[in-house]
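Residue-level structure breakdown
Read off the chains here:
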Amino acid sequence: MSIERIDVNVTSPGRNFVTVKVTTSDGIVGLGDGTLNGRELAVVSYLRDHVAPTLIGRDESAIEQTWQYLYRSPYWRRGPVTMAAVAAIDMALWDIAAKKAGEPLYKLLGGASRTGLLTYAHASGTTIEKLNEAIHGYVEQGFGAVRIQAGVPGLDQIYGVHDSDPGGKYEYEPAGRADAGAAMRPTEETWDTRAYLRHLPTVFAGVREEFGPELRLLHDGHHRMSPIEAAKLAKSLEPYDPFWLEDCTPGEDQAVLRLVRQHSVTPLAIGEVFNSVYDYQTLITERLIDYVRSSATHAGGITGLRQIMAFAAVYGIRSGFHGPTDVSPVGMAANLHLGLAIHNFGIQEYMPHSETTLSVFRTSYRFENGLLHPGETPGLGVELDEEAAAAHEYVPAYLPVNRLRDGSVHDW
Ligand code: CS2
Ligand code: MG
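A brief report on the enclosed structure follows. (Residues numbered from 1 in each chain as written. Chains lettered and ligands numbered in written order. Predicted model: local features only at pLDDT ≥ 70, side-chain atom pairs only at ≥ 80, totals over all residues. Heavy atoms only, no water.)

Side note on the overall build of the protein
- A count of helices and strands for the protein gives 12 helices and 20 strands.
- Taken over the C-alpha trace, the protein has a radius of gyration of 21 Å; the compact-globule value for 412 residues is 22 Å, and the two agree within 12%.
- When each of the 412 residues of the protein is scored for burial, the buried share is 57%.
- Charged side chains of the protein number 35 positive and 51 negative; the gap between the two group centres comes to 5 Å. (Helix = DSSP H or I, 4+ residues; strand = E, 2+ residues; numbered from the N terminus. Rg over C-alpha atoms; globule rule 2.2 N^0.38 Å. Buried < 20%, exposed > 50% of the residue type's maximum accessible area, 1.4 Å probe, protein only. Lys, Arg positive; Asp, Glu negative; His and termini not counted. Charge placed at Lys NZ, Arg CZ, Asp CG, Glu CD.)

Some remarks on the site of ligand 1
- The local shell around ligand 1 holds 15 residues, among which N37, Y159, H222, E272 and E349 are the closest.
- Within the side chain of Y159, a nitrogen or oxygen atom sits 2.7 Å from an oxygen atom of ligand 1.
- At a separation of 2.5 Å, an oxygen atom of ligand 1 approaches a polar side-chain atom of E349.
- Protein chains bury 95% of the 340 Å² of accessible surface belonging to ligand 1 in isolation.
- Partitioned by chemical class, the residues of the shell around ligand 1 number four nonpolar, four polar and seven charged. (Near = heavy atom within 4 Å. Polar contact = N/O pair within 3.5 Å; in protein donor to acceptor, adjacent residues only side chain to side chain. Areas by Shrake-Rupley, 256 points an atom, 1.4 Å probe, with all protein chains shown as cover. Nonpolar A, V, L, I, M, F, W, Y, C, P; charged D, E, K, R; others polar.)

Things to note about the packing of aromatic side chains
- Considering all chains together, one arrives at 15 aromatic pairs under this definition.
- Between F17 and F361, the aromatic rings sit 5.3 Å apart at their centres with planes inclined by 80°, giving edge-to-face as the arrangement. Within this pair, whereas F17 is found in strand β2 (residues 17-24), its partner F361 is found in strand β14 (residues 361-363), the two being separated by 344 residues in sequence.
- For F17, a relative accessible area of 0% corresponds to the buried category. (Phe/Tyr/Trp six-rings, centres within 6.5 Å; stacked < 30°, edge-to-face > 60°.)

Details of the sheet that holds strand β3 (residues 29-33)
- Spatial strand order, β1-β2-β3: three strands in an open sheet with antiparallel pairing. Two strands bound the open sheet, and with one partner strand each, they are β1 (3-11) and β3. Neighbouring strand axes in the sheet, compared pairwise and without regard to direction, differ in orientation by 20° on average.
- Relative to β3, β2 runs antiparallel, the two sharing five bridges. Looking at β3, one finds that V22 is bridged to G30.
- Helix α1 (residues 40-55) rests against β1 and β2 of the sheet, and its axis sits at about 170° to β1. (Pairing = 2+ DSSP bridges. Axes fitted to C-alpha atoms, helices over the stretch in contact; angles between N-to-C directions. Contact = heavy atoms within 4.5 Å.)

With respect to helix α10 (residues 329-341)
- The terminal C-alpha atoms of α10, which comprises 13 residues, lie 18 Å apart, in line with the 18 Å expected from a rise of 1.5 Å per residue.
- With 13 of 13 residues buried, α10 lies mostly within the body of the structure.
- For α10, the N-terminal capping position is held by S328, with its side-chain oxygen 3.0 Å away from the main-chain nitrogen of V330. (Expected span 1.5 Å × (residues − 1).)

Digging into the pairing of β3
- Of all five residues that make up β3, four are buried, and the element is covered over most of its length.
- Joining the antiparallel neighbours β2 and β3 is a turn of four residues, in which G27 adopts a positive phi near 80°.

A word on α1
- The end-to-end C-alpha separation of α1 is 21 Å, in line with the 22 Å expected for 16 residues at 1.5 Å each.
- Where α1 bends most, the angle comes to about 35°, and this point is L47.
- Turning to α1, its buried residues are E40, V43, V44, Y46, L47, V51, A52 and L55.
- Tucked into the core, α1 has its buried residues touching β1, β2, α2 (63-72) and α3 (80-101).
- Phi turns positive, to about 90°, at G57, one or two residues after α1. (Bend = angle between axes of the 7 residues up to and from the residue.)

Okay, structure coming up:
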């Protein structure tokens, strides 16, 4: 049997998604996620113009060989666009292999190492009171871990900080959407690191006071600190026993994490913008992080992410796979199957998709008693309703821009 057709679907049910559909000569269909927030159409072109034509007629079961072919042969290796495209094809081939076996994908990856995946939700609030309200909502739903992001006095709008709406629903999209066809630019936010560093320990103190010691608390620094600022923050959070501090510095400068480690025992998580095992080489071999933040979608698919986790396992480093809404339900399912199978699973991020998104992507994963499970449907367990998808055209949408008070551009 062989790959007969490759289609690239672009849909925007509330946000943009890029999905590859691979069809084999015996009529099996596999899906893969290639969504790259704010740069979706670059991946579409990479797939349609440069990848799909080279794969027709190839053996769909040669997953590792196809991965190596797409990684090595173009000469220009790695990078987010390339690796999202490789990821989409890789996931689709794994989906096909598992459907052919009649098994949920995790069974082909070694079978279940656990009954379900410890999961964290996104809680936030413009004030500590509002944040605590949001956390109560998640605790009631059964979450044993929450990411906490809060407003900082003096700053108007910060990435990831919103209050729940009156119904207690907590949904947000980091990428701002233009009306179809309108020219647009990313939204602009203002940032002040000193104000943030002063305020965040009081947020942790307020949450610990309300919820006690057991609830796992995570925080995302979103690449905004210099190395010494990150060290200061990691140290100042220690009394509140954080589960992790994520992206305390821009992670591509791997060596700076040495400085953070020298000053603090706060666990560190990095990697949502990484796309290969090489981005982790120093971080893993020197044990500078505790959790790998990659997703299958941005790290070359199940094959790429499995490679990273096998390397991390040798150093006792665990997974904390990226699961925001810009990882599609297909990508999310890929994370869940791999997380269920590997021994060094840590925690899974879960930002549930909107009802509109889930009317286009039919999922079989489930959240029960604080744990996620990929479900027992053969393959990845996600279906794309192409008719429903066609009703939602691509809408340009960009992630925000952050500036310091003097107007200079800062990481957001
Ligand atoms: C965030 C993401 O989930 C996270 O930890 O950092 O929401 C991130 O900002 C988006 O995925 C960017 O596309
Ligand atoms: Mg993050």
